[in-house]
Amino acid sequence: MAESTRGGHGHDVLMEGVAAFRSISESLTAAVERGPRVWTPNGRWEHEGLRIVDLPTAHIDLLYSVLRELSGALVKPADSAHPTGTAAALRSLDSSGEGTAVRLVGTMARVLSLMDLTADKDTDTLTAALEAADGHEVRLTYAQEDAWQRLAHRLTMLLTEEAPLHRFLY
């Protein structure tokens, strides 16, 4: 998509956004690889993906700029006979009539909200548990498990825009 907007301001933002996304992706992959493993209080179930990752604010800000660029292109009048730049790229995504561009922008907004998650009591509790473990396995206390469940619910609602099923029901 960034290639199809070559030559305009949107191209620069999209290309820089791709680079920022790759950097963030590498940071997240490294965090998952280094652990630690996090277990429920009874030690029978492992929580997937509970990691602390400091993402560069400049990368997050850049991805917000990309989101603004894409959102702006979505709302440009569709009656333009010759769309250019980002609007043309988004319109080409929607040539199938399936709303791909809207889904892309919506998904990006939801994922970005996860990357820029506002800290709360639950994230503070879990961060303290992970930092205290210093990279070793963590077996959550019941209070920490409750914080994990609330955080998992919060993240699932952000990603799916739905109330999540309880983990034992699916």
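Just above, that's the structure.
In this text, all values refer to a predicted model and were calculated from it rather than measured experimentally.

What counts, and at which threshold
- Residues numbered from 1 in each chain as written.
- Predicted model: local features only at pLDDT ≥ 70, side-chain atom pairs only at ≥ 80, totals over all residues.
- Heavy atoms only, no water.
- Helix = DSSP H or I, 4+ residues; strand = E, 2+ residues; numbered from the N terminus.
- Buried < 20%, exposed > 50% of the residue type's maximum accessible area, 1.4 Å probe, protein only.
- Contact = heavy atoms within 4.5 Å.
- Areas by Shrake-Rupley, 256 points an atom, 1.4 Å probe, with all protein chains shown as cover.
- Pairing = 2+ DSSP bridges.
- Salt bridge = Lys/Arg side-chain N within 4 Å of Asp/Glu carboxyl O.
- Core = buried A, V, L, I, M, F, W, Y, C linked by side-chain atoms within 4.5 Å.
- Expected span 1.5 Å × (residues − 1).
- Axes fitted to C-alpha atoms, helices over the stretch in contact; angles between N-to-C directions.
- Parallel < 35°, antiparallel > 145°, perpendicular 65-115°, else oblique.
- Left-handed = near helix turned anticlockwise from the far one by under 90°.
- Nonpolar A, V, L, I, M, F, W, Y, C, P; charged D, E, K, R; others polar.

A.B. asks: How should I be thinking about the overall build of the protein in this particular structure?
C.D. replies: Helix and strand content of the protein: six helices and three strands. What you see in the protein, going N to C, is helices and strands ordered as α-β-β-α-α-α-α-β-α. Here the protein holds 170 residues, and 29% of them are scored as buried. In the protein, the share of contacts with a sequence separation of at least 24, taken over all contacts with a separation of at least 6, comes to 66%. Looking at the protein as shown, the accessible area adds up to about 10,800 Å², and 56% of this sits on carbon and sulfur atoms.

A.B. asks: Can you walk me through unusual backbone geometry in this structure?
C.D. replies: In the Ramachandran plot, D134 falls in the positive-phi region, its phi being about 50 degrees despite a non-glycine side chain. Positionally, D134 belongs in the loop between α5 (121-133) and β3 (138-139). Exposure remark for D134: the relative accessible area of 62% places this residue in the exposed category.

A.B. asks: How should I be thinking about the sheet that holds strand β2 (residues 46-47) in this particular structure?
C.D. replies: Within a sheet, neighbouring strands are paired by backbone hydrogen bonds and run either parallel or antiparallel to one another. Here three strands make up an open sheet; going across it, the order is β2-β1-β3 and the pairing mixed. Only two strands of the sheet have a single neighbouring strand rather than two, namely β2 and β3. Note: strand β1 (residues 38-39) against β3, two bridges, orientation parallel. Its bridge partner lying in β3, W39 is registered against R139.

A.B. asks: Can you help me understand the pattern of salt bridges in this one?
C.D. replies: Should the charged atoms of two oppositely charged side chains come close, the side chains can pair. A complete count under the given rule lists three salt bridges for this structure. In this structure, R37 and E46 form a salt bridge, with 3.0 Å as the shortest nitrogen-oxygen distance. Here R37 falls in the partly exposed class, since its relative accessible area comes to 39%. For E46, a relative accessible area of 34% puts it in the partly exposed group. Of the charged contacts in the structure, one is a salt bridge between D122 and R150, with a shortest N-O distance of 2.7 Å. Placement of the pair is D122 in helix α5 and R150 in helix α6 (residues 142-160), with a sequence separation of 28 residues. Residue classification places D122 among the buried residues on the basis of a relative accessible area of 9%. On the basis of relative accessibility, which here comes to 46%, the residue R150 falls in the partly exposed class.

A.B. asks: It is not clear to me how the nonpolar core should be interpreted in this structure. Could you clarify?
C.D. replies: In a soluble, globular protein the nonpolar side chains are often hidden away together inside. If you look at the biggest cluster of nonpolar residues, it comprises 15 residues, and the most contacted ones within it are L63 and M115. Those elements that provide at least two residues to this core are α1 (9-34), α2 (57-75) and α4 (100-115). Ranked by the residues each element gives to this core, the list is headed by α2, at six residues. For L63, the residues in contact, after removing those within four places along its chain, are G17, A20, F21, I24, M108, L112 and M115.

A.B. asks: How do you make sense of α4 when you look at a structure like this?
C.D. replies: Helical geometry: 3.6 residues make up each α-helical turn, so side chains three or four residues apart lie on a common side. Here α4 is 16 residues long and its end C-alpha atoms lie 22 Å apart, about the 22 Å a rise of 1.5 Å per residue gives. The set of residues buried in α4 consists of A101, V105, M108, R110, L112 and M115.

A.B. asks: Can you walk me through the packing of α5 against α6 in this structure?
C.D. replies: For any two helices packed against each other, one specifies the crossing angle of their axes together with the interaxial distance. One way to put it is that α5 packs onto α6 with a least axis distance of 9 Å and a crossing angle of 125 degrees. Comparing the axis directions of α5 and α6 gives the class oblique. The handedness of the crossing between α5 and α6 comes out as left-handed. Here D122, T123, T125, L126 and A129 of α5 come into contact with α6, specifically with Q144, A147, W148, R150, L151 and R154. Residue composition of the contact of α5 with α6, by class: five nonpolar, three polar and three charged.

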